[in-house]
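# A closer look at the structure
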Amino acid sequence: EELLDQNIRTGKLSNPDYKDMSPEDGYKDFRKRRAHYEEVFETLTDDEGASIKIINCRKFIVNNIRGYLQQKIVHFVMNLHTLPRTFYLTRHG
């Protein structure tokens, strides 16, 4: 829950949907939108084809991945850096 709140406040509120709202109103609206998503969407089961389940941006459950393109997509998704980090540029010579 804490990770979700942090994600909403740092990422979602800069979305163009919320540019004319106060941060608190945008937060409430996104929480309401997410509750609606939970009612409508269904969780995939293992027998429904290829899938990647990402839990808290740290745990990946890969199911039924076969083929070159699917493996490349899994590799790309698993190597995304979603957490803030320091990035250093150096020049030598």
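Relevant structure appears above.
To start, this report covers the structure provided alongside it. All values reported here derive from a predicted model rather than from experimental measurement.

Time to look at a negative patch on the surface. Together, E42, D46, D47 and E48 make up a negatively charged patch on the protein surface. Considering the arrangement of structural elements, one finds D46 in the loop between α2 (23-40) and β1 (51-55).

With phi around 60 degrees, N64 is a residue other than glycine that occupies positive phi space. For N64, the location among the structural elements is in the loop between β2 (59-63) and α3 (68-78). Take N64: its relative accessible area is 33%, and that puts it in the partly exposed class.

For N63, the location among the structural elements is in strand β2. A distance of 3.4 Å separates a polar atom in the side chain of N63 from the backbone oxygen of G49. Contact partners of N63, with chain neighbours within four places excluded, come to T45, D46, G49, A50 and S51.

What follows concerns a nonpolar patch on the surface. The grouping of Y37, V40 and F41 at the surface amounts to a nonpolar patch, some 330 Å² of accessible area in total. Residue placement: Y37 occurs in helix α2. Note on Y37: relative accessible area 37%, which makes it partly exposed.

A word on the packing of helix α1 (residues 2-10) against α2. Interaxial distance between α1 and α2 falls to 10 Å at its minimum, and their mutual angle equals 125 degrees. Comparing the axis directions of α1 and α2 gives the class oblique. Every pair of crossing elements has a handedness; the one defined by α1 and α2 is right-handed. Facing L4, D5, I8 and R9 of α1, the residues of α2 in contact are E24, Y27, F30, R31 and R34. Class assignment of the residues belonging to the contact of α1 with α2 gives a composition of 4 nonpolar, no polar and 5 charged.

Once the charged atoms of two side chains with opposite charge are near each other, the side chains can pair. One pass over the structure, following the stated rule, counts 5 salt bridges. We note a salt bridge from R9 to E24, for which the minimum N-O separation is 3.8 Å. Of the two residues, R9 is situated in helix α1 and E24 in helix α2; the sequence distance between them amounts to 15 residues. Among the residues examined, R9 registers a relative accessible area of 43% and is labelled partly exposed.

Definitions and cut-offs
- Residues numbered from 1 in each chain as written.
- Predicted model: local features only at pLDDT ≥ 70, side-chain atom pairs only at ≥ 80, totals over all residues.
- Heavy atoms only, no water.
- Patch = residues over 30% accessible without salt bridge, like charges linked within 9 Å, V, L, I, M, F, W, Y side chains within 5 Å.
- Areas by Shrake-Rupley, 256 points an atom, 1.4 Å probe, with all protein chains shown as cover.
- Salt bridge = Lys/Arg side-chain N within 4 Å of Asp/Glu carboxyl O.
- Lys, Arg positive; Asp, Glu negative; His and termini not counted.
- Charge placed at Lys NZ, Arg CZ, Asp CG, Glu CD.
- Helix = DSSP H or I, 4+ residues; strand = E, 2+ residues; numbered from the N terminus.
- Buried < 20%, exposed > 50% of the residue type's maximum accessible area, 1.4 Å probe, protein only.
- Polar contact = N/O pair within 3.5 Å; in protein donor to acceptor, adjacent residues only side chain to side chain.
- Contact = heavy atoms within 4.5 Å.
- Axes fitted to C-alpha atoms, helices over the stretch in contact; angles between N-to-C directions.
- Parallel < 35°, antiparallel > 145°, perpendicular 65-115°, else oblique.
- Left-handed = near helix turned anticlockwise from the far one by under 90°.
- Nonpolar A, V, L, I, M, F, W, Y, C, P; charged D, E, K, R; others polar.

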